[in-house]
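For reference, the chains in residue letters:
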Amino acid sequence: MWRMTRRQLFWLKTALHIGAASPLLLLFLAVNNNVAGGDPVQYIIHFLGKGALNLLLLTLLVSPLARWSKQGMLMQLRRPLGLWVFAYASLHLVAFFSLDLLFAWQLLLQEVVKRPYIVVGASAWLILLALSLTSFKAAQRRMGKRWQQLHYCVYPALLLVVVHYYWSVKSEIIEPSIYIALALLLLSLRVRRFLPRK
Ligand code: HEM
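Nothing here was measured: the structure is a model prediction, and the numbers come from that model. (Residues numbered from 1 in each chain as written. Predicted model: local features only at pLDDT ≥ 70, side-chain atom pairs only at ≥ 80, totals over all residues. Heavy atoms only, no water.)

Trainee: Now, about the site of the ligand: what can you tell me, with residues and values included?
Mentor: Around the ligand, 23 residues are found, and the nearest of them are His 46, His 92, Leu 93, Tyr 117 and His 164. Within the side chain of His 46, an N or O atom sits 2.8 Å from an oxygen atom of the ligand. Between His 92 and the ligand, the recorded distance is 2.8 Å, taken from a side-chain N or O atom to a nitrogen atom. For the shell around the ligand, the elements supplying multiple residues, two or more each, are helix H2 (40-69), helix H3 (78-100), helix H5 (117-133) and helix H8 (154-168). Ranked by the residues each element gives to the shell around the ligand, the list is headed by H2, at 7 residues. When grouped by side-chain class, the residues that make up the shell around the ligand number 13 nonpolar, 7 polar and 3 charged. (Near = heavy atom within 4 Å. Polar contact = N/O pair within 3.5 Å; in protein donor to acceptor, adjacent residues only side chain to side chain. Helix = DSSP H or I, 4+ residues; strand = E, 2+ residues; numbered from the N terminus. Nonpolar A, V, L, I, M, F, W, Y, C, P; charged D, E, K, R; others polar.)

In structure tokens form, the structure reads like this:
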């Protein structure tokens, strides 16, 4: 049976980094050349939020794919992908605070009351922060069993993100509903792991 080599994994990781970084360059060019729609601030916030969600789904696709193709090495893609999710989500958050709220922290409470889905997004971001800070080998060794338990929190984080998305849209609910279905599908592939063993 064909087995992926370390060299192939290296190139796959390089492609992953290029693939994840280039949309940011495209976003920069679109904004700079005034082709980011009539409301560039909304365009940037949506682009980064959607990017974070797509990358999160991709991260959670890795382990079923590795199992199905019997290429255990693919599992090593999860950490760089997860860190890219965090980078996009953090830029999304920074874009909201800087470009939408113009750093007016006193407006934050007002905004949260007006748009409660922000609390849901913030909860997901805090989980992603904890996962990113503990994603290093040293943290994994030090935390032992608790590491796995903490990293299972990526599943509630995914649910929080799709709820955040669904709640944030005003009328067009088809696309967020598709994302909810995709998230449930990815979670259903893992249900067996959490059922009591016979
Ligand atoms: C404190 C954290 C967060 C804040 C303040 C925040 C804020 C926002 C805002 C203001 C919007 C735009 C709503 C509108 O249309 O007016 C939005 C949409 C969205 N956010 Fe977040 N968000 C946060 C965390 C996250 C995280 C962690 C993710 C993903 C990992 C995420 C993914 C999305 C997505 C997918 C959308 C919908 C984009 C679209 O309609 O195309 N957000 N968020």
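Following the structure, the description resumes.
Trainee: Any details on the packing of aromatic side chains? Residues and values, ideally.
Mentor: With the rule as written, the count across this model stands at 8 aromatic pairs. Ring plane angle 75° and centroid distance 5.1 Å describe the contact between Phe 10 and Trp 11, whose orientation is recorded as edge-to-face. A relative accessible area of 49% means that Phe 10 is categorised as partly exposed. Look at Tyr 43 and Phe 47: their rings are 6.2 Å apart centre to centre, the planes differ by 25°, and that puts the pair in the stacked class. Of this pair, Tyr 43 and Phe 47 both sit in helix H2, 4 residues apart, which is roughly one turn of the helix. (Phe/Tyr/Trp six-rings, centres within 6.5 Å; stacked < 30°, edge-to-face > 60°. Buried < 20%, exposed > 50% of the residue type's maximum accessible area, 1.4 Å probe, protein only.)

Trainee: Run through the packing of H2 against H8, naming residues and quoting values.
Mentor: Two numbers describe how H2 lies on H8: the axes approach to 11 Å, and their chain directions differ by 145°. Crossing of H2 against H8: the hand is left-handed. Between H2, through Lys 50, Leu 53, Leu 56, Leu 57 and Leu 60, and H8, the contact on the second element is made entirely by Val 154, Tyr 155, Leu 158, Val 161, Val 162 and Tyr 165. By residue class, the composition of the contact of H2 with H8 is 10 nonpolar, no polar and 1 charged. (Axes fitted to C-alpha atoms, helices over the stretch in contact; angles between N-to-C directions. Left-handed = near helix turned anticlockwise from the far one by under 90°. Contact = heavy atoms within 4.5 Å.)

Trainee: Run through the coordination of the iron atom of the ligand, naming residues and quoting values.
Mentor: Within the first shell, the iron atom of the ligand binds the protein through His 92 (NE2) and His 164 (NE2), at distances of 2.0 Å. Coordination at the iron atom of the ligand is octahedral, judged from the 6 donor atoms that bind it and the angles of 87 to 180° they form at the metal. One end of the pair, His 92, is in helix H3; the other, His 164, is in helix H8, and 72 residues separate them in sequence. (Donors = N, O, S within 2.8 Å, 3.2 Å for Na, K, Ca; no water. Tetrahedral: all angles 85-135°; square planar, octahedral: opposite > 155°, others 65-115°.)

Trainee: Describe in detail a nonpolar patch on the surface, supporting the description with residues and values.
Mentor: On the surface, a nonpolar cluster with roughly 420 Å² of combined accessible area is contributed by Leu 25, Leu 26, Phe 28 and Leu 29. Tracing the chain through its elements places Phe 28 in helix H1 (residues 6-32). Its relative accessible area of 52% is what places Phe 28 among the exposed residues. (Patch = residues over 30% accessible without salt bridge, like charges linked within 9 Å, V, L, I, M, F, W, Y side chains within 5 Å. Areas by Shrake-Rupley, 256 points an atom, 1.4 Å probe, with all protein chains shown as cover. Salt bridge = Lys/Arg side-chain N within 4 Å of Asp/Glu carboxyl O.)

Trainee: Go over the packing of H1 against H3, please, and point to the residues and values.
Mentor: Any two packed helices are characterised by the angle at which their axes cross and by the distance between the axes. Where H1 contacts H3, the axes come no closer than 10 Å and their chain directions differ by 10°. One finds that H1 runs roughly parallel with respect to H3. Packed against H1, whose contacting residues are Leu 16, His 17, Ala 20, Ala 21, Pro 23 and Leu 24, the element H3 presents Pro 80, Leu 81, Trp 84, Tyr 88 and Leu 91 at the interface. Of the residues belonging to the contact of H1 with H3, the class tally is 10 nonpolar, 1 polar and no charged. (Parallel < 35°, antiparallel > 145°, perpendicular 65-115°, else oblique.)

Trainee: Break down the environment of Leu 53 for me, with residues and values.
Mentor: Considering the arrangement of structural elements, one finds Leu 53 in helix H2. Taking the C-alpha atoms as reference points, Leu 53 and Leu 129, separated by 76 residues in sequence, lie 15 Å from one another.

Trainee: Residues and numbers for the nonpolar core, please.
Mentor: Membership of the largest hydrophobic core comes to 45 residues, with the highest contact counts inside it found for Leu 53 and Leu 158. Only H1, H2, H3, H5, H8 and helix H9 (174-188) provide two or more residues apiece to this core. With 11 residues, the top contributor of residues to this core is H2. Discounting residues that sit within four places of it in the chain, Leu 53 has contacts with Leu 158, Val 161, Val 162, Tyr 165 and Tyr 179. (Core = buried A, V, L, I, M, F, W, Y, C linked by side-chain atoms within 4.5 Å.)

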